[in-house]
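The residues making up each chain are set out below.
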Amino acid sequence: RFPRRRRQLSDSSHPRNTSMSDKKASRPETLSALWRSEPSLLIGPALVSLTLSGLWLLPAFKAFATARDIIPWGFQSAACYTAFAILLSFGFHGAMSVYVGDDHKLQPTPRHASLPPAATRSTAILLTGLVYATTPVRPVSASWTEFVCSCALYAIIWDTEFFWLHRWAHQYGWFYRSVHKLHHTIKDPNCFAAYYVTYASHWMLEQAPTIACCILFLPRDAFVFSLYLATLATYVDHSGFDVKDVRLFGGVTAGHVLTLLYSYVAPLGMVETRHHDYHHEKFNYNYSLYFTFWDKLMGTYHEGRCSPASAALKAS
């Protein structure tokens, strides 16, 4: 028997998302106000950075790193990624607002009219990417084979960790309420919802597995490629719009570009926006990050909604 604490939480147990401007008092709209109300957004990454820096003081780790030419990624590299991630979030939102029509929206609800609280928290969380400055990284791949295999292995490991920890977070009420519930106050996602999370959630579901893989096997170039690509992918998955049929130029669609970028793992079955959007809407489906196979194996897979644009394209 499962203990009572493993009881699956129901969709009705968590709040409806009405407007991103609701409860402004509990959703600060400036970074300074957010940091004052939630100091863990500063303390958490500071402790992570100190811990990673402290690794180099351990003789055993120093010998391990020296033998493998492992060095810290560096502040400049981490700052470039952090700036990229923040600028991309606003650029992506702007592009979606200007170029993607309502017929691509997955849920039958209006576009969000006000986003400052989500954008502010997203920016604060992305600023914690500076912890990667002290992350130990290995030399670049020795061959294209090593690069591709490393990227694929990292994606599989991260997806597996993400699925099981994410599913566990939904099953244990105390953990869900303290760590993950904030992310699910947004039931109709937009790109800023991707990082509308607590730092504890961000650390466990993204930074911890990434740093562990960097130390254990992931080459520097595979780490950089995967990190930048995953940031774009999470904006797409939380966009609320089925963008795979959106034309970019000529006959090339966003779906073509994403398929090409993830071609090294596409046979495993890729998570699309419609899958994760349905997870936000219905709560107990589609826990995976990259692939659909874990959800299919565990009976938590759902096809999700089909946008009016996609439905019309299929019917034609």
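This text gives an overview of the structure that appears in the document.

1. Points about the packing of aromatic side chains
At step 1: Counted by the stated rule, this structure contains 30 aromatic pairs.
At step 2: Stacked on the ring of Tyr301, the Lys or Arg Lys296 has its end atom at 5.0 Å from the ring centre.

2. Examining the side chain of Asp237
At step 1: With respect to the helices and strands, Asp237 occurs in helix 9 (residues 220-237).
At step 2: One buried charge, Asp237, has no salt-bridge partner; the nearest side chain with opposite charge is Arg274, at 9.8 Å.
At step 3: When sequence neighbours within four positions are dropped, the list of residues in contact with Asp237 reads Val271, Glu272, Thr273, His276, Asp277 and Leu289.

3. Quick look at the nonpolar core
At step 1: With 65 residues, the main nonpolar core has Trp73, Tyr132, Phe223, Tyr235 and Tyr290 as its most contacted residues.
At step 2: Listed by contribution, the elements that provide at least two residues to this core are helix 2 (40-55), helix 3 (59-67), helix 4 (75-99), helix 5 (116-127), helix 6 (144-171), helix 8 (199-216) and helix 9.
At step 3: Among residues more than four places away in sequence, those in contact with Phe223 are Trp73, Tyr132, Val137, Thr210, Cys214 and Leu218.

4. Considerations on the packing of helix 6 against helix 7 (residues 173-180)
To describe two helices that pack against each other, one gives the angle between their axes and the distance between the axes.
At step 1: At a minimum axis distance of 5 Å, the contact between helix 6 and helix 7 shows a crossing angle of 110°. Comparing their axes, helix 7 and helix 6 come out roughly perpendicular. Here His166, Trp168, Ala169, His170 and Gln171 of helix 6 lie close against helix 7, whose contacting residues are Gly173, Trp174, Phe175, Tyr176 and His180.
At step 2: Across the contact of helix 6 with helix 7, the residue classes break down as five nonpolar, five polar and no charged.

5. Quick word on the pattern of salt bridges
At step 1: Under the definition given, this model contains eight salt bridges.
At step 2: Across the pair Arg121 and Glu38 runs a salt bridge, and its minimum N-O distance is 2.4 Å. Residue Arg121 is found in helix 5, and its partner Glu38 is found in the loop between helix 1 (31-37) and helix 2; the two are separated by 83 residues along the sequence. There is no split in this pair, since Arg121 and Glu38 are both buried.
At step 3: The salt bridge involving Glu272 is made with Arg274; its shortest N-O contact spans 2.8 Å.

6. Observations concerning a nonpolar patch on the surface
At step 1: On the surface, a nonpolar cluster with roughly 400 Å² of combined accessible area is contributed by Leu42, Ile43, Leu47 and Leu50.
At step 2: Here Leu47 lies in helix 2.

7. Thoughts on the packing of helix 2 against helix 8
At step 1: Closest axis-to-axis distance for the helix 2/helix 8 pair is 12 Å, and the angle between their directions is 20°. The angle between helix 2 and helix 8 places the two elements in the roughly parallel class. The two elements helix 2 and helix 8 meet at a crossing, and its hand is right-handed. Of helix 8, the residues touching helix 2 (which contributes Ser40, Leu41, Gly44, Pro45, Val48, Leu52 and Leu55) are Tyr199, Trp203, Ile211 and Ile215.
At step 2: Considering only residue class, the contact of helix 2 with helix 8 consists of nine nonpolar, two polar and no charged.

8. Looking at the environment of Ile157
At step 1: Its place among the elements puts Ile157 in helix 6.
At step 2: On a C-alpha basis, the gap between Ile157 and Leu58 in space is 27 Å, while along the polypeptide they are 99 residues apart.
At step 3: When neighbours within four sequence positions are excluded, Ile157 is seen to be in contact with Cys213 and Phe217.

9. Some remarks on helix 4
At step 1: Along its 25 residues, helix 4 runs 35 Å from first to last C-alpha, staying within 8% of the 36 Å computed at 1.5 Å per residue.
At step 2: Turning to helix 4, its buried residues number three or more, namely Ala78, Tyr81, Thr82, Ala85, Ile86, Leu88, Ser89, Phe92 and Met96.
At step 3: Residues of helix 4 that are buried in the fold lie against helix 5, helix 8 and helix 9.

10. Quick word on the environment of Cys151
At step 1: Of note, Cys151 is situated in helix 6.
At step 2: If we skip the residues at most four places from it in the chain, Cys151 touches Ala222, Phe225, Ser226 and Tyr264.

11. Thoughts on the state of the cysteines
Each disulfide consists of one covalent bond between the sulfur atoms belonging to two cysteines.
At step 1: In this structure the tally under the stated criterion is zero disulfides.
At step 2: Of all cysteine sulfurs in the structure, the one in Cys149 sits closest to Cys151, which takes part in no disulfide; the separation is 9.5 Å.
At step 3: Residue class for Cys151 comes out buried when judged on its relative accessible area of 1%.
At step 4: The closest cysteine sulfur to the non-disulfide-bonded Cys213 is located on Cys214, 7.3 Å from its own sulfur.
At step 5: Look at Cys213 and you get buried, because its relative accessible area is 4%.

Quick notes on the rules
- Residues numbered from 1 in each chain as written.
- Predicted model: local features only at pLDDT ≥ 70, side-chain atom pairs only at ≥ 80, totals over all residues.
- Heavy atoms only, no water.
- Phe/Tyr/Trp six-rings, centres within 6.5 Å; stacked < 30°, edge-to-face > 60°.
- Lys NZ or Arg CZ within 6 Å of the ring centre and 35° of its normal.
- Helix = DSSP H or I, 4+ residues; strand = E, 2+ residues; numbered from the N terminus.
- Buried < 20%, exposed > 50% of the residue type's maximum accessible area, 1.4 Å probe, protein only.
- Lys, Arg positive; Asp, Glu negative; His and termini not counted.
- Salt bridge = Lys/Arg side-chain N within 4 Å of Asp/Glu carboxyl O.
- Contact = heavy atoms within 4.5 Å.
- Core = buried A, V, L, I, M, F, W, Y, C linked by side-chain atoms within 4.5 Å.
- Axes fitted to C-alpha atoms, helices over the stretch in contact; angles between N-to-C directions.
- Parallel < 35°, antiparallel > 145°, perpendicular 65-115°, else oblique.
- Nonpolar A, V, L, I, M, F, W, Y, C, P; charged D, E, K, R; others polar.
- Patch = residues over 30% accessible without salt bridge, like charges linked within 9 Å, V, L, I, M, F, W, Y side chains within 5 Å.
- Areas by Shrake-Rupley, 256 points an atom, 1.4 Å probe, with all protein chains shown as cover.
- Left-handed = near helix turned anticlockwise from the far one by under 90°.
- Expected span 1.5 Å × (residues − 1).
- Disulfide = S-S within 2.5 Å.

Any functional reading would require information beyond the geometric quantities listed.
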